[in-house]
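The residues making up each chain are set out below.
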Amino acid sequence: MTTIAKTIRERRSIKSGYTSDPVKEETVLSLLEDAVYAPNHGLREPWRFIFVPGEKKEEFVAKLVATFPKEKQENRRNYFSQPAAFLIVVMKQDPRQKQWDENFGAVSSLIQNFQLLAWEQKLGVVWKTNPHIYEPKVHDILGIEKDEKVAGFLHLGYFREEDIPVAKTRTSAKEKLTVYS
């Protein structure tokens, strides 16, 4: 199995159990410099990024949690306190459906590239698309423009080998393949 195939098969979403090691801006930027080579139609590069490093996380989480109803705030504070850092991926929206679809495909490819590259450095990533990514108050906190969409929050943190989740069985591609005739 090639190194790429092995990395694709072994990568997991790391949702918790992060170590206390900080995720450095330089590391994230280095990973992004390679991840931006995702296929994207017309080289539109429909993305931008907001990095929340560990030293700013508490302040950010406090603002983020305040957008939730009072009865959910403590739960959300615990949830958002787990990752060492966040990378928020923002996508340029396009009113034309074809371009919008192409842009989302490009951003999704970029996120997959980032996850695979991070995995090689034992940096865990989970791509979250929870309802707060649609919340106007969260958009205000992040400075999201009217023609932008939050594609997701990437929760980041280093992991220990023993904390890697067990692989779930995937359906064979053979079962999903139809040959046109």
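Structural data are supplied above this passage.
The paragraphs below set out a description of the structure included in this document. Quick caveat, the model's predicted, so the values are computed rather than measured.

**Re the overall build of the protein chain**
For the protein chain, the count of helices and strands is seven helices and four strands. Secondary structure elements of the protein chain, listed N to C terminal, follow the sequence α-α-β-α-α-β-α-β-α-β-α. For 181 residues, the compact-globule formula gives about 16 Å, and the C-alpha radius of gyration of the protein chain, at 18 Å, lands near that figure. Dimensions of the protein chain, computed from the C-alpha atoms along their principal axes, are close to 55 × 45 × 35 Å. Relative to its full complement of 181 residues, the protein chain shows a buried share of 42%. In the protein chain, the share of contacts with a sequence separation of at least 24, taken over all contacts with a separation of at least 6, comes to 81%. As presented, the protein chain carries roughly 11,400 Å² of accessible surface, and 52% of it is formed by carbon and sulfur atoms. For the protein chain, the separation between the mean place of its 28 positive charges and that of its 25 negative charges on side chains is 6 Å.

**Observations regarding the sheet that holds strand β2 (residues 85-92)**
Taken in spatial order, the four strands line up as β1-β2-β4-β3 in an open sheet, and their pairing is antiparallel. Both outer strands of the open sheet, β1 (47-52) and β3 (123-128), are each paired with one neighbouring strand and no more. The mean angle between the axes of side-by-side strands here comes to 25 degrees, regardless of whether they run parallel or antiparallel. Here six bridges tie β1 to β2, and the two strands are oriented antiparallel to one another. When the bridges of β2 are listed, Phe49 appears paired with Val89. Relative to β1, helix α2 (residues 25-35) is tilted by about 160 degrees, and along the sheet it contacts β1, β2, β3 and β4 (148-158). Strands β1, β2 and β4 of the sheet are contacted by helix α3 (residues 54-65), whose axis makes an angle of about 65 degrees with β2.

**Focus on helix α4 (residues 70-81)**
Between its first and last C-alpha, α4 extends 17 Å over 12 residues, near the 16 Å set by a 1.5 Å rise per residue. By the burial criterion, the buried members of α4 are Gln73, Arg76, Tyr79 and Phe80. Around the axis of α4, the buried residues are gathered within 130 degrees of arc, so they sit on the same side. Elements that come into contact with the buried residues of α4 comprise α3, β2, β3 and β4.

**Focus on the pattern of salt bridges**
One pass over the structure, following the stated rule, counts nine salt bridges. Measuring nitrogen to oxygen at the nearest pair gives 3.7 Å for the salt bridge that ties Glu74 to Arg77. With Glu74 and Arg77 both in helix α4 and three residues apart, the pair spans about one turn of that helix. By relative accessible area, Glu74 is classed as partly exposed at 49%. Its salt-bridge partner being Asp94, residue Arg96 comes within 2.7 Å of it at the nearest N-O pair. A relative accessible area of 46% means that Arg96 is categorised as partly exposed. Owing to a relative accessible area of 15%, Asp94 belongs among the buried residues under this scheme. Three or more residues joined by partner-sharing salt bridges are found here, namely Arg44, Lys98 and Glu102.

The rules behind these values
Residues numbered from 1 in each chain as written. Predicted model: local features only at pLDDT ≥ 70, side-chain atom pairs only at ≥ 80, totals over all residues. Heavy atoms only, no water. Helix = DSSP H or I, 4+ residues; strand = E, 2+ residues; numbered from the N terminus. Rg over C-alpha atoms; globule rule 2.2 N^0.38 Å. Buried < 20%, exposed > 50% of the residue type's maximum accessible area, 1.4 Å probe, protein only. Contact = heavy atoms within 4.5 Å. Areas by Shrake-Rupley, 256 points an atom, 1.4 Å probe, with all protein chains shown as cover. Lys, Arg positive; Asp, Glu negative; His and termini not counted. Charge placed at Lys NZ, Arg CZ, Asp CG, Glu CD. Pairing = 2+ DSSP bridges. Axes fitted to C-alpha atoms, helices over the stretch in contact; angles between N-to-C directions. Expected span 1.5 Å × (residues − 1). Arc of directions from axis to C-beta. Salt bridge = Lys/Arg side-chain N within 4 Å of Asp/Glu carboxyl O.

Note that every value here comes from positions in space, so none of it alone points to a role or purpose.
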